[in-house]
Amino acid sequence: SSGSTFTITGAGTCWLRLFQVGNANWNAAPTVDESITISQSASAIVFSNQAPSPLTWGTNGTFTLKASGMPSGMTVYLLVDPASSGVCSMATDDPKANSDTGTFTILTAGRCQVDATQGSNGNYLAGSSSDYVGIAPASQSITFGSPTPTPTYSAGGTFQVSATGGASGNPVTFSTGSTACAL
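Given the structure is predicted, the values throughout are model-derived calculations rather than measurements.

Participant: Describe the overall build of the protein chain, and please don't skip the residues or the numbers.
Facilitator: When helices and strands are counted, the protein chain shows zero helices and 12 strands. Each helix and strand of the protein chain, ordered N terminal to C terminal, gives the series β-β-β-β-β-β-β-β-β-β-β-β. Its C-alpha atoms give the protein chain a radius of gyration of 34 Å, clearly above 16 Å, the size a compact globule of 183 residues would have. Principal-axis analysis of the C-alpha atoms gives the protein chain an extent of 130 × 35 × 20 Å. When each of the 183 residues of the protein chain is scored for burial, the buried share is 20%. Taking the contacts inside the protein chain whose residues are at least 6 apart along the sequence as the reference set, 51% of them involve residues at least 24 apart. A total of about 12,800 Å² of accessible surface is found on the protein chain, and carbon and sulfur atoms cover 52% of it. On the protein chain, the mean spot of the 4 positive side-chain charges and the mean spot of the 8 negative ones are 4 Å from each other.

Here is the structure:
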């Protein structure tokens, strides 16, 4: 029995020719041709930077993601997943223009899904992956306007207060659980 070590130089078919010479007592063995298939390797897409966390709508206007094909080193194309098109966008929908790095614009609070794809070559299979970026709602506050003058009890007396809400434009709603006043 004999053996040899071969170095893999790429995916494909490795053709082997085996032969054995003869000697005074033995004829040479017939040549044998064999093949071994070397499969393409999977290539993973790795997002090498993460969006700053937390991202907040109205505060952070854009974020950038970078992806790499490992170990193939092939170009990775980034796109906003159609299900996230109302949450985030890119300057162009042409995936060839968004290779390896993409800048995304925040449109609203929610979850932005970024899809990454890469083609195949002779040694590596095509690959795909997704990254998810959470975008939190913006904070807002209420400014309370105290009544003037300070109310004093009198049967059936009233007082008025006002409040200014945050940037959402939604009205400020009043309620009370107190026994000293009713709405």
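Participant: Residues and numbers for the layout of surface pockets, please.
Facilitator: Considered as a void within the structure, the largest pocket measures approximately 500 Å³ in volume. Around the largest pocket, the lining comprises 17 residues; the ones closest to its centre are T158, F159, A180, C181 and A182. Split into classes, the residues belonging to the lining of the largest pocket amount to 10 nonpolar, seven polar and no charged. Taken as a whole, the second largest pocket spans an internal volume of roughly 300 Å³.

Analysis parameters
For every chain, the first residue of the written sequence is number 1, and numbering continues from 1 along that sequence. Predicted model: local features are reported for residues with pLDDT of at least 70 only, side-chain atom pairs are reported and counted for 80 or more only, and whole-chain, interface and lining totals are derived from all residues. Side-chain metrics rest on all non-hydrogen atoms present in the structure, leaving aside hydrogens and water. Secondary structure counts use DSSP, requiring at least four H or I residues in a row for a helix and at least two E residues in a row for a strand, with both numbered from the N terminus. Here the radius of gyration uses the C-alpha set of atoms, whereas the globule reference equals 2.2 Å times the residue count to the power 0.38. Burial classification: accessible surface area is computed with a 1.4 Å probe over protein chains only, and a residue below 20% of its type maximum counts as buried, one above 50% as exposed, and the rest as partly exposed. Any two residues whose heavy atoms approach within 4.5 Å are treated as being in contact. In short, Shrake-Rupley with a 1.4 Å probe defines the accessible areas, and a residue's cover is counted only from the protein chains shown. Positive charges come from Lys and Arg, negative ones from Asp and Glu, while His and the chain ends are left out of the count. Just so you know, the charge point we use is NZ for Lys, CZ for Arg, CG for Asp and CD for Glu. Cavity means a closed set of points on a 1 Å grid over the protein atoms alone, one where a 1.4 Å probe fits but cannot get out, pocket means an open set with protein on both sides within 12 Å along at least 5 of 7 lines, and lining means a residue has an atom within 4 Å of a point. Grid points are joined across faces, edges and corners, and a volume is the space filled by probe spheres set on the points. Amino acid classes used here: Ala, Val, Leu, Ile, Met, Phe, Trp, Tyr, Cys and Pro are nonpolar; Asp, Glu, Lys and Arg are charged; the rest, including Gly, are polar.

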